[in-house]
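The lines below spell out each chain.
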Amino acid sequence: MKMIGLYKIRKERGLSQLKCAMDLNISREALSYYENGHRSPDLVMLKKLSDYFNVSIHYLITGEEFESKY
């Protein structure tokens, strides 16, 4: 699954893949794979990404904030 929000938030904040990867202690290739949907991060990494960018996991995946239908 392509992580639209991950790419979007990284670009909005003017961060390179290398900078984010170094901050998260992962390879630049791994981050690229997450953004392009070639690999899915595990739950621990999703939480790290969410904390790093201060956005929801839902946002990282969809690029949109979660809206309850109830």
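It should be noted that the structure appears before, not after, this text.
Each residue is numbered by its place in its chain's sequence as written, counting from 1. Confidence filtering applies because this is a predicted model: local features only for residues at pLDDT of at least 70, side-chain atom pairs given and counted only at 80 or more, and all residues used for totals across whole chains, interfaces and linings. The basis for the side-chain values is all heavy atoms of the structure; hydrogens and waters are excluded.

Notes on the packing of aromatic side chains
Alright, step 1. Between rings of Phe, Tyr and Trp, where Trp is taken as its six-membered ring, a pair exists when centres lie within 6.5 Å; planes separated by under 30 degrees are stacked, by over 60 edge-to-face, and by other angles tilted. Tallied over the entire structure, the rule returns one aromatic pair.
Alright, step 2. A ring pair is formed by Y52 and F53, whose centres lie 4.8 Å apart and whose planes are at 90°; its orientation type is edge-to-face.
Alright, step 3. Given a relative accessible area of 27%, Y52 falls into the partly exposed group. Each residue is placed in one exposure class: buried if its accessible area under a 1.4 Å probe, protein chains only, is under 20% of its type's maximum, exposed if it is over 50%, and partly exposed if it falls in between.

With respect to the nonpolar core
Generally speaking, soluble globular proteins have nonpolar side chains that are buried together.
Alright, step 1. Take the buried Ala, Val, Leu, Ile, Met, Phe, Trp, Tyr and Cys residues and link them wherever side-chain atoms come within 4.5 Å; each set so joined is a nonpolar core. Ranked by size, the top nonpolar core spans 17 residues in total, and within it L6, I26, Y34, L49, F53 and L60 carry the most contacts.
Alright, step 2. Of all the elements in the fold, those that place two or more residues in this core are α1 (4-12), α2 (17-24), α3 (28-36), α4 (43-53) and α5 (57-62).
Alright, step 3. The element contributing the most residues to this core is α4, with four residues. Only DSSP runs of H or I reaching four residues or more are called helices, and only runs of E reaching two or more are called strands; each is numbered from the N terminus.

Notes on the side chain of S50
Alright, step 1. For S50, the position within the fold is in helix α4.
Alright, step 2. Overall, S50 belongs to the buried group, its relative accessible area being 12%.
Alright, step 3. The term polar contact refers here to a pair of N or O atoms within 3.5 Å; inside protein, the definition further demands a hydrogen-donor-capable atom paired with an acceptor-capable atom, and it admits residues adjacent in sequence only when both atoms are side-chain atoms. Of note is the side chain of S50, whose polar atom sits 2.5 Å from the backbone oxygen of V55.
Alright, step 4. The contact partners of S50, leaving out residues within four places of it in the chain, are V55, S56, I57 and L60. The contact criterion used throughout is that any non-hydrogen atoms of two residues lie within 4.5 Å.

As for the pattern of salt bridges
Alright, step 1. Basic side-chain nitrogens of Lys or Arg form a salt bridge, by our definition, when they fall within 4 Å of a carboxyl oxygen of Asp or Glu. Taken as a whole and judged by the stated rule, the model has four salt bridges.
Alright, step 2. A salt bridge links K19 to D23; the nearest nitrogen and oxygen atoms lie 2.9 Å apart. Linking K19 with D23, this pair stays in helix α2, spanning four residues, or about one helical turn.
Alright, step 3. Under the relative-accessibility criterion, K19 is labelled partly exposed at 40%.

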